[in-house]
Amino acid sequence: MKSAIKLARYALDHNETPVACIFVYEPTNEIIAYGMNDTNKSHTGIAHAEFLGIEQIKHKFGSENLLSIFKDIILYVTVEPCIMCASAIKQLGIKKVYFGCGNDRFGGNGTVLNINKDKSTISLNDNTIYDSIPGLFRKEAIMLLRYFYVRENDHAPKPRTKKERILDKNTFPSINWSSYIDRNLFAREFGVDNLYHFDQNSDLTDGKQNNGIDWDLINSSYDNHIEQLTKEIENSHINIHKRIKIQ
Ligand SMILES: [Zn+2]
């Protein structure tokens, strides 16, 4: 998720909405694709981070192998997948999703709709539903979005008053865990000792110093990050063709 946050910061620095994702192939724990929002530059509403990642995987492994590889993929995305993306990754039979903050308007993993848990829609794979775990680097993901909107507003034809432009670094909406996961899954993911966060709708980092926010992480620039990711992906040792032949 740290890598996804860095990529979101990169997007912010390049005038895109700071939303980014990393696709990890679980059996080898390697990054095999990444994506970041490209809706501003490409002027297309569907250039969401997840779609760009899916395209990379298709390109690297071939569309015919998409399903066999997706069943072992874990997606880390800074913002909850929207309804469209939640549905796309479900059809491809993704294994699991981790995300940072909720997507209040379009969230497809529990905020607006529970696409990931809906058994009535089919997956092309054996995985009919997937778990989507919220709350990883949640405040960092929210802060990056706030940076973006404050900046956007500065460029707006009718800038709002100074008062409205103040960047809030201290208050965060509470996280309604039960919209996304149940108590048992929470305990499996974060440990029984942290269950009070589930019950209180509080962040895992609440009560920690600096609001639990890794400011260094979101305030640095990552101009080499794409290069690093590309190298990492090129060096990954997944040989999906071999795997399929063996099976
Ligand atoms: Zn989307």
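To be clear, the structure that these remarks concern was listed above.
Residues numbered from 1 in each chain as written. Predicted model: local features only at pLDDT ≥ 70, side-chain atom pairs only at ≥ 80, totals over all residues. Heavy atoms only, no water.

Student: Tell me about the sheet that holds strand 3 (residues 73–79), and please be specific about residues and values.
Tutor: Strand order in the open sheet formed by five strands is 2-1-3-4-5, and the pairing between neighbours is mixed. Edge positions in the open sheet fall to strand 2 (30–36) and strand 5 (131–133), since each of these has one partner strand only. Pairwise comparison of adjacent strand axes, ignoring direction, gives a mean angle of 20 degrees for this sheet. Relative to strand 2, strand 1 (residues 20–25) runs antiparallel, the two sharing six bridges. Counterpart to C21 in the pairing with strand 2 is G35. Seen against the sheet, helix 11 (residues 225–234) touches strand 1 and strand 2 and runs at an angle of roughly 140 degrees to strand 2. (Pairing = 2+ DSSP bridges. Helix = DSSP H or I, 4+ residues; strand = E, 2+ residues; numbered from the N terminus. Axes fitted to C-alpha atoms, helices over the stretch in contact; angles between N-to-C directions. Contact = heavy atoms within 4.5 Å.)

Student: Any chance you could break down the coordination of the zinc ion for me, citing the residues and the numbers?
Tutor: Listed as protein donors to the zinc ion are H48 (ND1), C82 (SG) and C85 (SG); their distances from the metal cover 2.0 to 2.3 Å. Taken in sequence order, the residues that donate to the zinc ion follow the motif H-x33-C-x2-C. Linking H48 in the loop between helix 2 (39–42) and helix 3 (49–61) with C85 in helix 5 (residues 83–91), this pair joins segments that are 37 residues apart in sequence. On the accessibility criterion, H48 (19% relative accessible area) is buried. The buried category is assigned to C85, whose relative accessible area is 1%. (Donors = N, O, S within 2.8 Å, 3.2 Å for Na, K, Ca; no water. Buried < 20%, exposed > 50% of the residue type's maximum accessible area, 1.4 Å probe, protein only.)

Student: Which residues make up the pattern of salt bridges, and what values do they have?
Tutor: For the structure shown, the criterion picks out nine salt bridges. Among the ionic pairs, E26 bridges to K95, the shortest N-O distance being 2.5 Å. Of this pair, E26 sits in the loop between strand 1 and strand 2 while K95 sits in the loop between helix 5 and strand 4 (96–101), placing them 69 residues apart in sequence. On the basis of relative accessibility, which here comes to 36%, the residue K95 falls in the partly exposed class. With a closest N to O distance of 3.9 Å, D168 and R146 form a salt bridge. (Salt bridge = Lys/Arg side-chain N within 4 Å of Asp/Glu carboxyl O.)

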